[in-house]
Amino acid sequence: MAFQILLNFFIALVWMFMSSSINPTTFVIGYLIGFLLIFMMRRFFKDRIYTVRLWAAFKLMLLFFRELTLSNISVLLLVIKPKLNIKPMIFALPTELEHDWEITLLSSLITLTPGTIVINVSDDQNTLYIHAIHVDDVDEAIDSIKNTFEKAIKEVSRK
């Protein structure tokens, strides 16, 4: 992915110097030409085209902001109720993520979402232990995390 981005940038610079015009418009045109060249030659790269991962990263960011907003609202509703009826729970989340940065990103996203915090990661890094302020169903909470954050992280990191 990094190679494709650098190659695209290099093609844009070469286009700028070949056209004898050093301005942002020429660079953008060169960048688009470079992208088209990389797209046409994509079968020669071992990784998929870099825009797929960039789009997946953008979707992960939007997913996080959506979950952040929804969890803020749910925590607010729990707090302003006259009777504090919560079910705090610690549960284990088995994960299929392999790399350290993927597990760190998942842990950070869970912790940054109000009402949940990752309190430990197992030694084999296959299980996250999470404390949640209110959990009705553990299986539903696990499925929710696996189908949102973990799935989106896999889209960004897998080839």
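It should be emphasised that the depicted structure is a prediction, and the values quoted were computed from it without experimental measurement.

Quick notes on the rules
- Residues numbered from 1 in each chain as written.
- Predicted model: local features only at pLDDT ≥ 70, side-chain atom pairs only at ≥ 80, totals over all residues.
- Heavy atoms only, no water.
- Helix = DSSP H or I, 4+ residues; strand = E, 2+ residues; numbered from the N terminus.
- Rg over C-alpha atoms; globule rule 2.2 N^0.38 Å.
- Buried < 20%, exposed > 50% of the residue type's maximum accessible area, 1.4 Å probe, protein only.
- Contact = heavy atoms within 4.5 Å.
- Areas by Shrake-Rupley, 256 points an atom, 1.4 Å probe, with all protein chains shown as cover.
- Lys, Arg positive; Asp, Glu negative; His and termini not counted.
- Charge placed at Lys NZ, Arg CZ, Asp CG, Glu CD.
- Phe/Tyr/Trp six-rings, centres within 6.5 Å; stacked < 30°, edge-to-face > 60°.
- Patch = residues over 30% accessible without salt bridge, like charges linked within 9 Å, V, L, I, M, F, W, Y side chains within 5 Å.
- Salt bridge = Lys/Arg side-chain N within 4 Å of Asp/Glu carboxyl O.
- Expected span 1.5 Å × (residues − 1).
- Arc of directions from axis to C-beta.
- Pairing = 2+ DSSP bridges.
- Axes fitted to C-alpha atoms, helices over the stretch in contact; angles between N-to-C directions.

Caption draft 1: Spatial organisation of the overall build of the chain. Within the chain, the secondary structure is distributed over five helices and three strands. The C-alpha radius of gyration computed for the chain amounts to 22 Å, which surpasses the reference 15 Å derived for 159 residues by more than 25%, pointing to a less compact arrangement than a globule. A total of 159 residues make up the chain; the buried ones form 31% of that total. Considering only residue pairs separated by 6 or more positions, the chain has 66% of its internal contacts joining residues 24 or more positions apart. With an accessible surface of roughly 10300 Å², the chain has 67% of that area assigned to carbon and sulfur atoms. Taken as two groups, the 15 positive and 15 negative side-chain charges of the chain have centres that lie 9 Å from each other.

Caption draft 2: Seen up close, the environment of Glu155. With respect to the helices and strands, the residue Glu155 is situated in helix H5 (residues 138-157). Classification of Glu155 as partly exposed rests on a relative accessible area of 31%. Expressed as a C-alpha distance, the spacing of Glu155 and Tyr129, which sit 26 residues apart in the sequence, is 23 Å. Discounting residues that sit within four places of it in the chain, Glu155 has contacts with Arg48, Ala56 and Lys59.

Caption draft 3: Layout of the packing of aromatic side chains. Applying the stated criterion across every chain, the model contains seven aromatic pairs. Aromatic side chains Phe9 and Phe27 sit 5.4 Å apart centroid to centroid with 65 degrees between the ring planes, which places their arrangement in the edge-to-face category. Taken together, the residues Phe9 in helix H1 (residues 2-18) and Phe27 in helix H2 (residues 24-40) connect sequence positions 18 residues apart. Exposure remark for Phe27: the relative accessible area of 22% places this residue in the partly exposed category.

Caption draft 4: Region of interest: a negative patch on the surface. The grouping of Asp137, Asp139, Glu140 and Asp143 at the surface amounts to a negative patch. With respect to the helices and strands, Asp143 occurs in helix H5.

Caption draft 5: Examining helix H4 (residues 100-112) more closely. Between the first and last C-alpha of H4 there are 18 Å, a value that for 13 residues agrees with the 18 Å anticipated at 1.5 Å per step. All buried positions along H4 are accounted for by Glu102, Ile103, Leu106, Ser107, Leu109 and Ile110. Viewed end-on, H4 has its buried residues packed into an arc of 165 degrees, placing them on one side of the element. Lining the buried residues of H4 we find helix H3 (50-80), strand E1 (89-94), strand E2 (116-121), strand E3 (127-132) and H5.

Caption draft 6: Molecular detail of the sheet that holds E3. Spatially, E1-E3-E2 is the arrangement adopted by the three strands of the open sheet, whose pairing is antiparallel. The sheet terminates laterally at E1 and E2, the two strands that pair on one side only. Strand after strand, the sheet turns through a mean of 30 degrees between neighbouring axes, direction not considered. Note: E2 against E3, five bridges, orientation antiparallel. Its bridge partner being in E3, Ile117 is matched across the sheet by His131. Sitting on the sheet, H5 is in contact with E1 and E3, with an inclination near 50 degrees to E1.

Caption draft 7: Structural view of a nonpolar patch on the surface. Together, Leu37, Phe39, Met40, Met41 and Phe44 make up a nonpolar patch on the protein surface, roughly 520 Å² of accessible area in all. Residue position: Leu37 is located in helix H2. Residue classification places Leu37 among the partly exposed positions, given a relative accessible area of 38%.

In short, shape yes, function no, at least from these values alone.
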